[in-house]
Amino acid sequence: MPQGADTVVPVELTDIPRGPVPLPQEVRVDELPAGDNIRAAGSDVTTGQVVAEAGTVLDALTLGAVAAVGVAEVEATRPVRVRAVATGDELAPLGTELGPGQLPDCNSWLVHGLATALGHPTERVLLDHDDPEELGRRLPELTADTDLLVFTGGVSAGAFEVVRQCLEPRGIEFGQVSMQPGKPQGVGQLDGVTVLCLPGNPVSAVVSFLAFARPWLDAASGRETPGPVTTVLGDGWAKKPGRTQYMPVTLSPEEGRLVARRRSAEGSLSHLASRLAGVDGFAIVPAAAEGVQEGDLVEVMMVP
Ligand SMILES: Nc1nc2c(c(=O)[nH]1)N[C@H]1C(S)=C(S)[C@@H](COP(=O)(O)OP(=O)(O)OC[C@H]3O[C@@H](n4cnc5c(N)ncnc54)[C@H](O)[C@@H]3O)O[C@H]1N2
Ligand code: MOO
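Bear in mind that the values here come from a model prediction, so they are computed numbers and not experimental data.

K.L.:
Is there a simple way to explain the pairing of strand 1 (residues 82–87) in this structure?
P.N.:
Each regular strand carries side chains that alternate between the two faces of the sheet. In terms of burial, strand 1 is largely enclosed, as six of its six residues are buried. Residue alternation in strand 1 divides its side chains into two sets, Val-82, Ala-84 and Ala-86 and Arg-83, Val-85 and Thr-87, and both sets are buried. Looking at chain direction, strand 1 and strand 4 (residues 122–127) are connected through six bridges and run parallel. The partner of Arg-83 across the bridge, within strand 4, is Glu-123.

The following block contains the structure:
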């Protein structure tokens, strides 16, 4: 600023002709409050100011702020890595011809997509067999170079539960969380790697991922898992009391409120994989409730 000046007048607010012209003898300027258009030295950042706290995720805006103060190197930890393992001898890789009794694997894509959306490098593996010994032989390879191993399928109480039969004797604990969809589950550690076993039905796998894998990934990355969002129900439905229900819903802003509606009239059945498209989140209905009504306030666990 030249000595004695306290305000900057943009050229558009004067009668000076635009472009590279010599300054006229006299200039008319519009009135401006004193001090306008001045940015004091140090008003963005001063010596000693913290730009990013330790533990901050280096997202795009944080990197921009760090670059803006000329810092070229920061100490960081690598992102938490995930391996998504779909199991079941009925599964065929996507894009292959289906034989009798086969269905395409969608869970490895679901887990891959959710973990990737949360910023985690994720690898997909399909184990198209129900052989616990074969899975046991592959464990060193599956636990290598990863932080979280997520299995889907093979966890319940039937005769061919590859994940449970292989991992229960190795110390992974299996249990039933009182939720619908999404039980049973398994959790534990193998060779220092955290293992989560999710149910095979695709909607159960998604709900269990969001309820259990996401908070673990967020905590391991120094982030807080965002809490559920409060919405108003645009429709109602009946429910069996007993388990907490996670109903797939779509959300739309209406008259300043966020309105949640069931994604499909068939509700929260765990096999409705094709109805996952367009789901914004899962409305959480308390275990004891026998249903909900239009206009009720309900919390929604959001899809990232
Ligand atoms: N005695 C009990 N049986 C079952 C229970 C229970 O609590 N006690 N829970 C039921 C529920 S609820 C679910 S969910 C399943 C979960 O068990 P599994 O993890 O053993 O599921 P699977 O039999 O492997 O699969 C169930 C269903 O989902 C299909 N599936 C599996 N993986 C995929 C994939 N990657 N892509 C697409 N579809 C997949 C699979 O073919 C089955 O149709 O257990 C119930 N039983
Ligand atoms: O809850 Mo299950 O996940 O009913 O299929």
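K.L.:
In this structure, what is going on with the side chain of Thr-143? I would like to understand it.
P.N.:
The topology assignment puts Thr-143 in helix 3 (residues 132–143). Given a relative accessible area of 8%, Thr-143 falls into the buried group. Sequence-distant contacts of Thr-143, defined by excluding residues within four places in its chain, comprise Arg-83, Leu-149, Leu-190, Asp-191 and Val-193.

K.L.:
Can you walk me through the site of ligand 1 in this structure?
P.N.:
Near ligand 1 you find 22 residues, and of these Glu-90, Asp-105, Gln-176, Lys-183 and Gly-200 are the closest. Taking Asn-107, its side chain carries an N or O atom lying 3.3 Å from a nitrogen atom of ligand 1. One nitrogen or oxygen atom from the side chain of Gln-176 is found 2.8 Å from an oxygen atom belonging to ligand 1. Relative to its unbound accessible area of 870 Å², ligand 1 is 72% covered by the protein chains. Looking at the shell around ligand 1, the elements that each hand over two or more residues are strand 3 (103–104) and helix 5 (202–220). Each residue belonging to the shell around ligand 1 can be placed in one class, and the counts come to ten nonpolar, eight polar and four charged.

K.L.:
Sorry if this is basic, but what is going on with the side chain of Thr-194 here?
P.N.:
Take Thr-194: it is sitting in strand 9 (residues 193–198). Those residues in contact with Thr-194 that lie beyond four places of it in its chain are Asp-147, Leu-148, Leu-149, Gly-188, Gln-189 and Trp-216.

K.L.:
Mind showing me how you'd approach the sheet that holds strand 6 (residues 173–175) here?
P.N.:
Either a parallel or an antiparallel arrangement is found when strands of a sheet pair, and the pairing is made through backbone hydrogen bonds. Spatial strand order, 4-1-5-9-8-6: six strands in an open sheet with mixed pairing. This sheet does not close on itself; its edge strands, each paired only once, are strand 4 and strand 6. Neighbour to neighbour, the strand axes of the sheet diverge by 15 degrees on average, direction disregarded. In the packing of helix 2 (residues 107–117) onto the sheet, the strands contacted are strand 1, strand 4 and strand 5 (148–152), and the crossing angle to strand 4 comes to about 170 degrees.

K.L.:
Would you explain the confidence of the model for the protein in this entry?
P.N.:
Reading predicted coordinates in detail is not appropriate for stretches of low pLDDT. Per-residue confidence for the protein gives a mean pLDDT of 95, with 100% of residues at or over 70. Both scores are available for the predicted complex, with the pTM at 0.87 and the ipTM at 0.91.

The rules behind these values
- Residues numbered from 1 in each chain as written.
- Chains lettered and ligands numbered in written order.
- Predicted model: local features only at pLDDT ≥ 70, side-chain atom pairs only at ≥ 80, totals over all residues.
- Heavy atoms only, no water.
- Buried < 20%, exposed > 50% of the residue type's maximum accessible area, 1.4 Å probe, protein only.
- Helix = DSSP H or I, 4+ residues; strand = E, 2+ residues; numbered from the N terminus.
- Pairing = 2+ DSSP bridges.
- Contact = heavy atoms within 4.5 Å.
- Near = heavy atom within 4 Å.
- Polar contact = N/O pair within 3.5 Å; in protein donor to acceptor, adjacent residues only side chain to side chain.
- Areas by Shrake-Rupley, 256 points an atom, 1.4 Å probe, with all protein chains shown as cover.
- Nonpolar A, V, L, I, M, F, W, Y, C, P; charged D, E, K, R; others polar.
- Axes fitted to C-alpha atoms, helices over the stretch in contact; angles between N-to-C directions.
- pLDDT = per-residue confidence, 0-100.

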